[in-house]
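Each chain is listed here by its residues.
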Amino acid sequence: MSDSPKPPSGTTPGSEPPGDEGAAPAVSVDMLEVVRQFTLYVPFNHHLGIEVVSVEAGVCRLRLPYRPEHIGDPIRPALHGGVIAAVIDACGGAAAWTLLKPTERVSTIDLRVDYLRPGRPEALMFEARVSRRGRHVAVVSIRAWHSDKPDSLIAEGKGVYSVRDLGKSLPGLRPET
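Description of the structure in this document. Worth saying up front: this structure is predicted, and the values here are computed from it rather than measured. (Residues numbered from 1 in each chain as written. Predicted model: local features only at pLDDT ≥ 70, side-chain atom pairs only at ≥ 80, totals over all residues. Heavy atoms only, no water.)

Some words on the overall build of the protein chain
Looking only at helices and strands, one finds 4 helices and 8 strands in the protein chain. Ordered by position from the N terminus, the helices and strands of the protein chain form the series α-α-α-β-β-β-β-α-β-β-β-β. (Helix = DSSP H or I, 4+ residues; strand = E, 2+ residues; numbered from the N terminus.)

Some points on the environment of L99
When you line up the elements, L99 lands in the loop between α4 (81–97) and β5 (104–115). Sequence separation of L99 and V130 is 31 residues, and the distance between their C-alpha atoms is 8.9 Å.

A word on the pattern of salt bridges
Close approach of charged atoms allows side chains with opposite charge to pair. Evaluation of the coordinates by the stated rule reveals 9 salt bridges. Taking the shortest distance from any N to any O, the salt bridge between R112 and D114 comes out at 2.9 Å. Residue D114 is classed as partly exposed on the basis of its relative accessible area, which comes to 29%. Between E127 and R129 there is a salt bridge whose closest N-O contact spans 3.4 Å. Given a relative accessible area of 8%, E127 falls into the buried group. Accessibility expressed as a relative area gives 26% for R129, which makes it partly exposed. A network of salt bridges, in which partner residues are shared, links R61, E127, R129 and R143. (Salt bridge = Lys/Arg side-chain N within 4 Å of Asp/Glu carboxyl O. Buried < 20%, exposed > 50% of the residue type's maximum accessible area, 1.4 Å probe, protein only.)

Some words on unusual backbone geometry
Looking along the chain, the bond that leaves R76 and enters P77 is cis, with omega of -20°. Summarising the element assignment, P77 is placed in the loop between β3 (71–73) and β4 (78–79).

A word on the sheet that holds strand β1 (residues 51–56)
Spatially, the 6 strands line up as an open sheet ordered β1-β2-β6-β7-β8-β5, and their pairing is antiparallel. Two strands bound the open sheet, and with one partner strand each, they are β1 and β5. Here the strands of the sheet are splayed against their neighbours by 20° on average, with no regard to which way each runs. Here β5 runs beside strand β8 (residues 153–165); their pairing, made up of 11 bridges, is antiparallel. By the bridge assignment for β8, T108 is matched with Y161. Lying over the sheet, α4 contacts β2 (59–64), β5, β6 (124–133), β7 (137–146) and β8, oriented at roughly 140° with respect to β5. (Pairing = 2+ DSSP bridges. Axes fitted to C-alpha atoms, helices over the stretch in contact; angles between N-to-C directions. Contact = heavy atoms within 4.5 Å.)

Quick look at the environment of G159
Within the secondary structure, G159 sits in strand β8. Each C-alpha atom, one on G159 and one on A90, is 9.7 Å from the other, the two residues being 69 residues apart in sequence. Apart from residues lying up to four places away in sequence, G159 is in contact with D110, L111, A138, V139, V140 and I142.

This is the structure in structure tokens:
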């Protein structure tokens, strides 16, 4: 008996259509499901408490619930920049994953994070949009904000991800037809 996670079918409530960035390439529904369930596939994301809010082709929105362990400056108090950077990277990678074939994988090549203001000790929202998906590289823009102030960013990121075809799918995924 296998303990491999099996992504469920269906769509994520609250997902919205992409903006006017142009037509997205064909997307395997399986890869959208992988992103919807990515805390099953990436234990570190589960450890941080990351929640998937919505997923669509080239776009991912995540929520990081507040936990006292996320504090980096107990005097202010403010969230740790490394926690924010980790979720920016996870969100960017997840957005890139939505445009992959089941046999492809992404890994971070470069990540830049600009911290714009301190993160208050409360939940954060993250949104990533793929700017370009080439044959071997995906470039993603990521934003982070407190849910009560979506126009007041606390950080912005730019992720560059290597895209490689490994020739095999994750457990529980059917090959793309």
